Amino acid sequence: MSNLNPSISDLQQAVRNVPDFPKPGIQFKDITPLLANGRLFAKCIDQLCGDFKPGDVDAVVGIDARGFIFAAAAALKLQCGFVPVRKQGKLPFTTYEESYDLEYGSNTIAIHTDSIRHGSRVLLIDDLLATGGTAGAAAELLKKVGANILEITFFIELSFLNGREKLQGFPVRSLVVY
Ligand code: AMP
């Protein structure tokens, strides 16, 4: 790794593959080694922000929980607000909710109804795109608050799970694709 300017491949190499977590057959992409390295973390945030500059974006929206880490840092870089999409039951004020199917059962996520002004330009960020259920539901929440989604951005995309199919109509970008 070049000390001053890590590459995307350096970012990828800092992701630890943990087999059979949280259950057999899943290969978990553990981002904690990357986060622990300041230079790699900073590079990752730069790349997630892409060509967006301060003034281009009104809010960066992050998805519970690892998405918060990237989205909050990106919001600081873009000098705009940060808005959390959380798991059901965690947000204290009035919320919109959206459910999506999992392999077994379903999940519900929520956003505060007053979190984003109608027409605001938002960037939706999560750590990883797998089946697309989570990000698809988050995009639906953003439609409910009237946000204008500029881009949905992921650090990692597991392309063999075809998550992009659930995000049709939105610009989607990911840094590391498996
Ligand atoms: P999905 O809704 O299937 O696209 O799943 C995406 C969400 O689940 C993201 O918020 C990820 O943090 C998490 N996730 C799914 N699969 C993995 C994986 N293999 N490694 C790490 N996180 C994952």
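Our subject is the structure that appears above.
Attention in this report is confined to the structure presented alongside it. Because the structure is a prediction, the values reported are computed rather than measured.

Scanning the chain from N- to C-terminus turns up five helices and nine strands. Reading the secondary structure of the chain in the N-to-C direction produces α-β-β-α-α-β-α-β-β-β-β-α-β-β. For 178 residues, the compact-globule formula gives about 16 Å, and the C-alpha radius of gyration of the chain, at 16 Å, lands near that figure. Here the C-alpha coordinates of the chain stretch approximately 45 × 40 × 30 Å along the principal axes. Split into buried and exposed, the 178 residues of the chain put 44% on the buried side.

Let us look at the nonpolar core. Core analysis: the largest hydrophobic core is formed by 26 residues, its most contacted members being Val60, Phe70 and Phe155. For this core, the secondary-structure elements that each account for two or more residues are helix H3 (38-49), helix H4 (66-78), strand E7 (121-129), strand E8 (148-157) and strand E9 (172-177). Core analysis: the next-biggest nonpolar cluster, separate from the first, contains 25 residues, Ala59, Val83, Tyr100 and Ile111 among them.

Here we come to the packing of aromatic side chains. Per the counting criterion, the structure on display carries four aromatic pairs. Ring plane angle 55° and centroid distance 5.8 Å describe the contact between Phe70 and Phe155, whose orientation is recorded as tilted. Within this pair, whereas Phe70 is found in helix H4, its partner Phe155 is found in strand E8, the two being separated by 85 residues in sequence. As far as the burial class goes, Phe70 and Phe155 line up, both buried.

Consecutive side chains along a regular strand alternate between the two faces of the sheet. The element strand E3 (residues 59-63) is extensively covered by neighbouring structure, given that five of its five residues are classed as buried. Here E3 shows no split at all, with Ala59, Val61 and Ile63 on one side and Val60 and Gly62 on the other all buried. The sheet contact formed by E3 and strand E4 (residues 81-87) spans five bridges and is parallel. Across the sheet, the residue bridging to Ile63 is Val85, located in E4. Once you follow E3 into H4 and on to E4, the crossover reads as right-handed. One ladder, built from four bridges, connects E3 with E7; its direction is parallel. Opposite Val60, over in E7, you have Leu123 as the bridge partner.

Close contacts around the ligand come from 13 residues, with Arg66, Asp126, Thr131, Gly132 and Thr134 the closest. Between the ligand and the protein, one listed contact pairs an oxygen atom with a side-chain N or O atom of Asp126 at 2.8 Å. Contacts to the ligand include Thr134, whose side-chain N or O atom sits 2.5 Å from an oxygen atom. Protein chains bury 82% of the 490 Å² of accessible surface belonging to the ligand in isolation. Sorting the residues of the shell around the ligand by element identifies strand E2 (27-30), E7 and helix H5 (133-144) as the ones contributing at least two each. Each residue belonging to the shell around the ligand can be placed in one class, and the counts come to four nonpolar, five polar and four charged.

The rules behind the values
Residues numbered from 1 in each chain as written. Predicted model: local features only at pLDDT ≥ 70, side-chain atom pairs only at ≥ 80, totals over all residues. Heavy atoms only, no water. Helix = DSSP H or I, 4+ residues; strand = E, 2+ residues; numbered from the N terminus. Rg over C-alpha atoms; globule rule 2.2 N^0.38 Å. Buried < 20%, exposed > 50% of the residue type's maximum accessible area, 1.4 Å probe, protein only. Core = buried A, V, L, I, M, F, W, Y, C linked by side-chain atoms within 4.5 Å. Phe/Tyr/Trp six-rings, centres within 6.5 Å; stacked < 30°, edge-to-face > 60°. Pairing = 2+ DSSP bridges. Right-handed = clockwise from strand over helix to strand, strands pointing away. Near = heavy atom within 4 Å. Polar contact = N/O pair within 3.5 Å; in protein donor to acceptor, adjacent residues only side chain to side chain. Areas by Shrake-Rupley, 256 points an atom, 1.4 Å probe, with all protein chains shown as cover. Nonpolar A, V, L, I, M, F, W, Y, C, P; charged D, E, K, R; others polar.

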